[in-house]
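A closer look at the structure
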Protein chains: 2
Amino acid sequence: MTKVTIREVAAEAGVSVATVSRALRGLPSVSPATRARVEQVAANLEYVPDPYASRLASSRAHTILVAVPVPGQWYYAQVVTGVEAVASDAGSDLQLHVVGDDAQRRRFIEDILPGSRRVDGAILVDIPLSPADAAELTGRGVRIVAVGQHTEGVVSVGIDNRQAATDATQLLLELGHTRIGLLGGMPTGRSDLSIPGMREIGFRDALEAAGLRVDEDLITNGNFSIDGGDDAATHLLSLREPPTALFALSDEMAVGAMGAARRLGIDVPGQLCIVGFDGHEFSGAIGLTTVRQPVVELGASAAQALLDAVNGKPWNEDKVLAHELVERDTTGRRG
Amino acid sequence: MTKVTIREVAAEAGVSVATVSRALRGLPSVSPATRARVEQVAANLEYVPDPYASRLASSRAHTILVAVPVPGQWYYAQVVTGVEAVASDAGSDLQLHVVGDDAQRRRFIEDILPGSRRVDGAILVDIPLSPADAAELTGRGVRIVAVGQHTEGVVSVGIDNRQAATDATQLLLELGHTRIGLLGGMPTGRSDLSIPGMREIGFRDALEAAGLRVDEDLITNGNFSIDGGDDAATHLLSLREPPTALFALSDEMAVGAMGAARRLGIDVPGQLCIVGFDGHEFSGAIGLTTVRQPVVELGASAAQALLDAVNGKPWNEDKVLAHELVERDTTGRRG
DNA sequence: CTGTTAGCGCATTCAT
DNA sequence: ATGAATGCGCTAACAG
């Protein structure tokens, strides 16, 4: 009922509040005996430091903020999981922010983030950030780490999206496909810097390397959603010359495409091969060939980068984690 | 760079800090003229109140905490999404905590939650809470709302799990199945109060109502995971007298079961019908019949309940949202 | 309607 | 190694 404060602990232990503070935080200059006594008393009184008071008094917030566009989407949920694990290990709280539309984005960048000591830093997952905004924020002392989306002047953690897309496309090419449909998505801003953009480039790379011309009609927008993938696939499959394979830039779209194929009575992989992207938890069970990326580790690394920066050891270069092409039923080697 | 404080705003606007505080928070006793001026100055100076200072000084944290066992699991991610939406609408931050194993659970209940003013309240999603702990916490002024898991003395938001399971089982019965396997999970604590427990009871209800005896050998533990569902299904399907239908208490397990069936060359729904539970985003695309529950709304309602409690209007009874049986391919009406 | 006076609970100098 | 003093930035009575 009564919120025990550091003062009562001090009184009870017969020392000053300063000593209690030092003892409980494991600072060096405290005699073992005193420390033991203080810890004992604190335990008895069930003393729990008020985080807000300590955040106000010190400069560390012991809180790391993570912003994602759609917290319910598998990929983001996994990244958040990774961040949480590292954060909680380090004794930091995790504040989750949703930055979906552009209005939220502006509010987030202008109002939330600048509140300097609110948090130790922020992890932006696929949140577009202009170099100007980035400079402005870091100038204000806001530590930022990006996951996926790369921004000038901000450390980022991700995979080699371009290469990963090339790998996936090459598998399809090896299987003999020459008409490959692409289920991509919303190219916001400079496409050569966005994730979808990089993947699309990788896709084109592979085709060109194989001496094939890219048929722009086969490049569609699946909106990174199941329904979008379904729609896009339905469209592609109804063309006069439909593709014999689809490369979806997310497993959600790939699943949508699988659904479309099933509805249209098109056999997968007999008549249509499909490759997804992400390594969604369901991909194995439904036999979806996909490019697996280390999602949880992505978040964990980002969190670590942030913590390191907080501790004065900022990373000086981006971290690129390994991806892996996982071949499964939807690209069953055609007999 | 320079953190603008309320003092500078006050100075610049020629009023006291108290007035600035009142003006900016929209409190009644401030003249329109003064308020306008203060707001103007605050905007110019790009003043952003320090949340920790205000939390320390006031009694509201403007933070709502949400605890889930596995943040990366679809169901939890959806609930969190719902909570976030309502929280951010109300201007509150969202603090995410993972409470997986029992050690985390104890630490959470004993150390995190009791920090009274740390948060306005907590939403526990499927976190077992003993009536004793609940009483202790509420006694300390910690507001709690439960999602799913019901605990004596704590308002909860959920669906009628028992009825939902009965509905699902009845569909299978109507289709003529008499040997139905159950993919359930870890009965932690009193099973008749846990979600899996309630669903299992609903399952038994339906069988008994149909005059069928429950074959305990068909009741398995799928651990609420894809792999667990696969294993459990594999086991069931290898019995001398295998079930002709499976009822999985989560879509993850159902998908695992679908994978197992595919691997074993068992046609679904021809030789085996499957019903899942949750209404996972992928269920539609893969044709999985399932019991859909309003996941996002679950979180949103819980958040609303918490906010209402904070505002002195605590709910006096649990909220039961509607579920819906969605019939799809995996229970294709057999010709 | 507005200004003054006190803290909120803790982390930090600076002494000792 | 420890204590006393000061302030983090804001809200909350209490006056006026």
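Just so we're clear, the structure is a prediction, and the values are computed from it rather than from any experiment. (Residues numbered from 1 in each chain as written. Chains lettered and ligands numbered in written order. Predicted model: local features only at pLDDT ≥ 70, side-chain atom pairs only at ≥ 80, totals over all residues. Heavy atoms only, no water.)

All names here are of chain B. Position of Arg199 among the secondary structure elements: in helix 9 (residues 195–209). Here Arg199 is buried and forms no salt bridge, its nearest opposite-charge partner Asp278 lying at an N-O distance of 4.3 Å. Arg199 has contacts with Asn161, Ala165, Phe224, Leu249, Phe277, Asp278 and Gln293, leaving out every residue within four places of it along the chain. (Helix = DSSP H or I, 4+ residues; strand = E, 2+ residues; numbered from the N terminus. Buried < 20%, exposed > 50% of the residue type's maximum accessible area, 1.4 Å probe, protein only. Lys, Arg positive; Asp, Glu negative; His and termini not counted. Salt bridge = Lys/Arg side-chain N within 4 Å of Asp/Glu carboxyl O. Contact = heavy atoms within 4.5 Å.)

For the rest of this paragraph, the subject is the protein's contact with DNA strand D. The local shell around DNA strand D holds 27 residues, among which Thr19(A), Thr34(A), Ile6(B), Ser21(B) and Tyr47(B) are the closest. For DNA strand D, the fraction of atoms within 4 Å of the protein that belong to sugar or phosphate moieties is 72%. A distance of 2.6 Å separates a phosphate oxygen of DNA strand D from a polar atom in the side chain of Ser21(B). Separating a base nitrogen of DNA strand D from a backbone N or O atom of Ala53(B) is a distance of 3.3 Å. Contributing elements (two or more residues each) for the surface near DNA strand D: helix 2 (17–24) and helix 4 (51–57) of chain A together with helix 1 (6–13), helix 2 (17–25) and helix 4 (51–57) of chain B. Here the element with the most residues in the surface near DNA strand D is helix 2 of chain B; it accounts for four residues. For the surface near DNA strand D, the per-class residue count stands at 11 nonpolar, 10 polar and six charged. (Near = heavy atom within 4 Å. Polar contact = N/O pair within 3.5 Å; in protein donor to acceptor, adjacent residues only side chain to side chain. Nonpolar A, V, L, I, M, F, W, Y, C, P; charged D, E, K, R; others polar.)

Before going further, it helps to examine the domain arrangement of chain A. Examined at the domain level, chain A breaks down into domain 1 (1–36), domain 2 (62–158 + 295–319) and domain 3 (161–294). Here domain 1 of chain A and domain 3 of chain A have C-alpha centroids that lie 61 Å from each other. (Domains from an automatic or database assignment.)

Paired through backbone hydrogen bonds, the strands of a sheet run either parallel or antiparallel to each other. Residues and elements named next belong to chain B. An order of 7-6-8-9-10-12 is seen for the six strands of this open sheet, with the pairing classed as mixed. Only two strands of the sheet have a single neighbouring strand rather than two, namely strand 7 (219–221) and strand 12 (324–326). Neighbour-to-neighbour, the strand axes of this sheet turn through a mean angle of 20°, independent of strand direction. Sheet topology note: the strand 6 (residues 180–184)/strand 7 ladder contains three bridges and is parallel. The residue bridging Gly184 from the neighbouring strand is Asn221, located in strand 7. (Pairing = 2+ DSSP bridges. Axes fitted to C-alpha atoms, helices over the stretch in contact; angles between N-to-C directions.)

Our focus in this paragraph is helix 9 (residues 195–209) of chain A. Residue and element names in this part refer to chain A. With 15 residues, helix 9 ought to run about 21 Å at 1.5 Å a step, and its terminal C-alpha atoms sit 21 Å apart, in line with that. All of the buried residues in helix 9 are Ile195, Pro196, Gly197, Arg199, Gly202, Phe203, Arg204, Ala206 and Leu207. Among the residues of helix 9, the N-terminal cap falls to Ser194, whose side-chain oxygen and the backbone nitrogen of Gly197 are separated by 3.0 Å. One or two steps after helix 9, the chain reaches Gly211, where phi turns positive at roughly 75°. (Expected span 1.5 Å × (residues − 1).)

We now examine the nonpolar core. Formed by 144 residues in total, the largest nonpolar core has its most connected members in Ile123(A), Phe247(A), Ile123(B) and Phe247(B). If sequence neighbours within four positions are ignored, Ile123(B) has contacts with Ile64(B), Leu65(B), Val66(B), Ala67(B), Val83(B), Val145(B), Val147(B), Ala302(B), Ala303(B) and Leu306(B). (Core = buried A, V, L, I, M, F, W, Y, C linked by side-chain atoms within 4.5 Å.)

Surrounding DNA strand C, one finds 26 residues, the nearest of these being Ile6(A), Ser21(A), Tyr47(A), Thr19(B) and Thr34(B). Separating a phosphate oxygen of DNA strand C from a side-chain N or O atom of Tyr47(A) is a distance of 2.5 Å. The contact in question runs from a base nitrogen of DNA strand C to an N or O atom on the backbone of Ala53(A), over 3.2 Å. When residues of the surface near DNA strand C are traced back to their parent elements, those giving at least two are helix 1 (6–13), helix 2 and helix 4 of chain A together with helix 2 and helix 4 of chain B. Along the lines of polarity and charge, the residues of the surface near DNA strand C split into 11 nonpolar, 10 polar and five charged.

This brings us to the pattern of salt bridges. All names here are of chain A. Taken as a whole, this structure holds 20 salt bridges over all chains when the rule is applied. Glu200 is the salt-bridge partner of Arg204, the closest N and O atoms lying 3.0 Å from each other. Within this pair, Arg204 and its partner Glu200 are both found in helix 9, separated by four residues, close to a single helical turn. Here the residues in one salt-bridge network are Glu200, Arg204 and Glu216, joined through shared partners.

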